[in-house]
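# A closer look at the structure
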Amino acid sequence: MRIDIVTIFPEFFSVLDVSLLGKARKAGVIDLGLHDLRDFTYDRHRTVDDTPYGGGAGMVMKPEPWGEALDSILYASELRKTEPVIIFPSPAGEVFTQAIAQELATEQHLVFGCGRYEGIDQRVIDYAATRGRVRLLSLGDYVLNGGEVASMVMIEAIGRLIPGVVGNPESLVEESHSDGLLEYPSYTKPPAWRGFEVPPILLGGNHGAIAAWRHEQQLDRTRRVRPDLLDQGPVE
Ligand code: 6GU
């Protein structure tokens, strides 16, 4: 998968060199392109923002550098004949879920446009929609300063679903949210630690009973902390 990121803070993304995703990059499973939006400006101050039409607080990101940055990225993707998905992280977007991560993990080319300040001129999003499939995605109902951290969250969630990135594919099947329920609690040795004991059923080797116990734990947990998940998604 090719991932391009447009940002005024490319140094934020150095964390993508480490851990699982770093390995995926070295193995060539993920090919990452980082683009500094300011490289697409022509004035001495490398200006990327301006005051909003209609007034109001804060600054808006100017369309011209965005247009040039997107054109340079999308020209390369045209040569590869892959239709990109262009993602703008935004608290005004639809909520990013495991289902969306799964969907995006099957794509060949993702472009992340990281906005700062009060947002990006809307015409950039409208233009991007003429060049690819655009998605405005939010992490949840709270406000971050910009799209950088949000992009990193999404890239980690998507990247680990690409075949060859997570070592054991079974660990993807049994985790929270993949079946609409939260994960069951996990234990390892020793069987007793500081007065806390591993539930005896896990020590017994009855795999049917263990599976039933784990499922009950998932349902209990989900009912307690995330009853909203039981009202919608697939359960059982
Ligand atoms: Cl994707 N961006 C920003 N700036 N704030 C957010 C968000 C995204 N998701 C939740 N809050």
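For the structure itself, consult the block above.
Treat the numbers as computed from the prediction; the structure is a model and nothing was measured. (Residues numbered from 1 in each chain as written. Predicted model: local features only at pLDDT ≥ 70, side-chain atom pairs only at ≥ 80, totals over all residues. Heavy atoms only, no water.)

### Comments concerning the nonpolar core
Membership of the largest hydrophobic core comes to 31 residues, with the highest contact counts inside it found for Ile5, Phe96, Leu104, Phe112 and Ile158. Going through the elements one at a time, β1 (2–7), α1 (19–26), β5 (85–95), α3 (98–104), β6 (109–113) and α5 (147–159) are the ones with two or more residues in this core. Broken down by element, the residue count for this core peaks at 6 residues, all from α5. When neighbours within four sequence positions are excluded, Ile5 is seen to be in contact with Phe13, Leu16, Leu32, Gly33, Leu34, His35, Phe112, Cys114 and Ile155. Ranked by size, the runner-up nonpolar core spans 18 residues in total, among them Val6, Ala69, Leu70 and Ile86. (Core = buried A, V, L, I, M, F, W, Y, C linked by side-chain atoms within 4.5 Å. Buried < 20%, exposed > 50% of the residue type's maximum accessible area, 1.4 Å probe, protein only. Helix = DSSP H or I, 4+ residues; strand = E, 2+ residues; numbered from the N terminus. Contact = heavy atoms within 4.5 Å.)

### As for the site of the ligand
Every residue near the ligand is listed here: Pro89, Ser90, Pro91, Leu137, Ser138, Leu139, Gly140, Tyr142, Val143, Leu144, Gly146 and Ala150. Within the side chain of Ser138, an N or O atom sits 3.4 Å from a nitrogen atom of the ligand. Here Leu139 contributes a backbone N or O atom positioned 2.8 Å from a nitrogen atom of the ligand. The protein chains hide 96% of the 290 Å² of surface that the ligand would expose on its own. Where the shell around the ligand is concerned, the elements lending two or more residues are β5 and β7 (133–138). Top contributing element to the shell around the ligand by residue count: β5, with 3 residues. Here the residues of the shell around the ligand sort into 8 nonpolar, 4 polar and no charged. (Near = heavy atom within 4 Å. Polar contact = N/O pair within 3.5 Å; in protein donor to acceptor, adjacent residues only side chain to side chain. Areas by Shrake-Rupley, 256 points an atom, 1.4 Å probe, with all protein chains shown as cover. Nonpolar A, V, L, I, M, F, W, Y, C, P; charged D, E, K, R; others polar.)

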